[in-house]
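What follows is each chain in one-letter form.
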Amino acid sequence: MKSTTQVPDRRPVQSRGGAAIAAPPPARTTTRRRPTSQRLTAWAFLAPVTLYLALFYAYPLYRNLDLSLRDYTVRSFVQGDAPFTGVANYREVFKDPTFAPALLHTALFTAVCLVFQYAIGLALAVFFNQNFRLSATLRALFLVPWLLPLIVSASTWSWMLNSDSGIVNATLHAVGIGPVNWLTSPSWSLTSVIIANIWIGVPFNLVVLHSGLQSIPASLYEAAALDGANAWRRFWSITFPLLRPVSAITLLLGLVYTLKVFDIIWIMTKGGPADSSTTFATWSYQLGFGNLLPAFGPGAAVGNLLVVAALVFGLIYLKVQRKQALS
């Protein structure tokens, strides 16, 4: 018979109530790696978004930056041998006499449209938040300007503001006011496109702000009413502060959209007369495609100025949101 030698258990012994109990063996720490199939699945879901951003955002931005840094002509644009000129196109844009009026018109167009679109949209959102009869139907009708193609909206406003046969001048004539050259007068052309863009942008503000109002608890308004607060006080003490995050994103999206508005201005006034309604968006198009000898470089430079402006305001928004989250 073979003798078997038992190896003594050297694990520490714990004592509980006088009885010796062997301690459990130490647990093994194992690092679990995500299976390769799961990683591949995650990348497969990310691939379409990554490809879309690369093709329709990253590459166009790169090409626009390359256009602004080279002296492109029609021939060099096709052959791809344009010489590198650095910031010469930007210097040419800044020295152009159209730069100052276009900058002023862009700032006025953007600021006035944002203020009126937000104010009217907020007023309508508060009004429709009462949930009265036909509230949903009327709210849906207000979406019509937002749903129409821009070319249809701009053409409609061009007809309405026509100096000879427009319905606006006909109405003014009926109340004893002389005709106004809305689209052909340097004093009124910018005002005309601002009015049209406000009309188009109000429904977007209405939809977003109304959805924000739906998230405010009704109990807050009931408590304020019991404390004797009137409707105006309830708006400034409850509605407006709690709607601030939604208002911030609404204004940011409206800013980015308004900065790049081109269709409405080009269809109604083409930036004229005498550049009286020219903005950076229309000026960039005129430089790149509006002449027999297109200036691709300066046109791309003006477009990049719009991109930088939108990026700056976006970074300001993110910084403000981060401060509010930390406070």
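Above: the structure in question.
Residues numbered from 1 in each chain as written. Predicted model: local features only at pLDDT ≥ 70, side-chain atom pairs only at ≥ 80, totals over all residues. Heavy atoms only, no water.

Moving on, we get to the packing of aromatic side chains. Per the counting criterion, the structure on display carries 21 aromatic pairs. For the ring pair Phe289 and Phe296, a centre distance of 6.4 Å and an interplane angle of 75 degrees mean the geometry is edge-to-face. Judged by relative accessible area, Phe289 falls into the exposed class, the value being 59%. A relative accessible area of 13% places Phe296 in the buried class. Each member of the aromatic cluster is reached from another via a ring pair, and the members are Phe262, Trp266, Tyr285, Phe289 and Phe296. (Phe/Tyr/Trp six-rings, centres within 6.5 Å; stacked < 30°, edge-to-face > 60°. Buried < 20%, exposed > 50% of the residue type's maximum accessible area, 1.4 Å probe, protein only.)

Our focus in this paragraph is helix α12 (residues 244-259). Helix length check: α12 (16 residues) gives 22 Å between terminal C-alpha atoms against 22 Å at 1.5 Å per residue, within 8%. Those residues of α12 that sit buried are Ser247, Thr250, Leu252, Gly254, Leu255, Thr258 and Leu259. (Helix = DSSP H or I, 4+ residues; strand = E, 2+ residues; numbered from the N terminus. Expected span 1.5 Å × (residues − 1).)

According to the stated counting rule, one finds 2 salt bridges in the structure shown. Its salt-bridge partner being Asp66, residue Arg63 comes within 3.4 Å of it at the nearest N-O pair. Remark: Asp66 and Arg63 occur in helix α1 (residues 36-68); sequence separation between them is 3 residues, near one turn of the helix. By relative accessible area, which is 24% here, Arg63 ends up partly exposed. Its salt-bridge partner being Asp66, residue Arg70 comes within 2.8 Å of it at the nearest N-O pair. Judged by relative accessible area, Asp66 falls into the buried class, the value being 13%. (Salt bridge = Lys/Arg side-chain N within 4 Å of Asp/Glu carboxyl O.)

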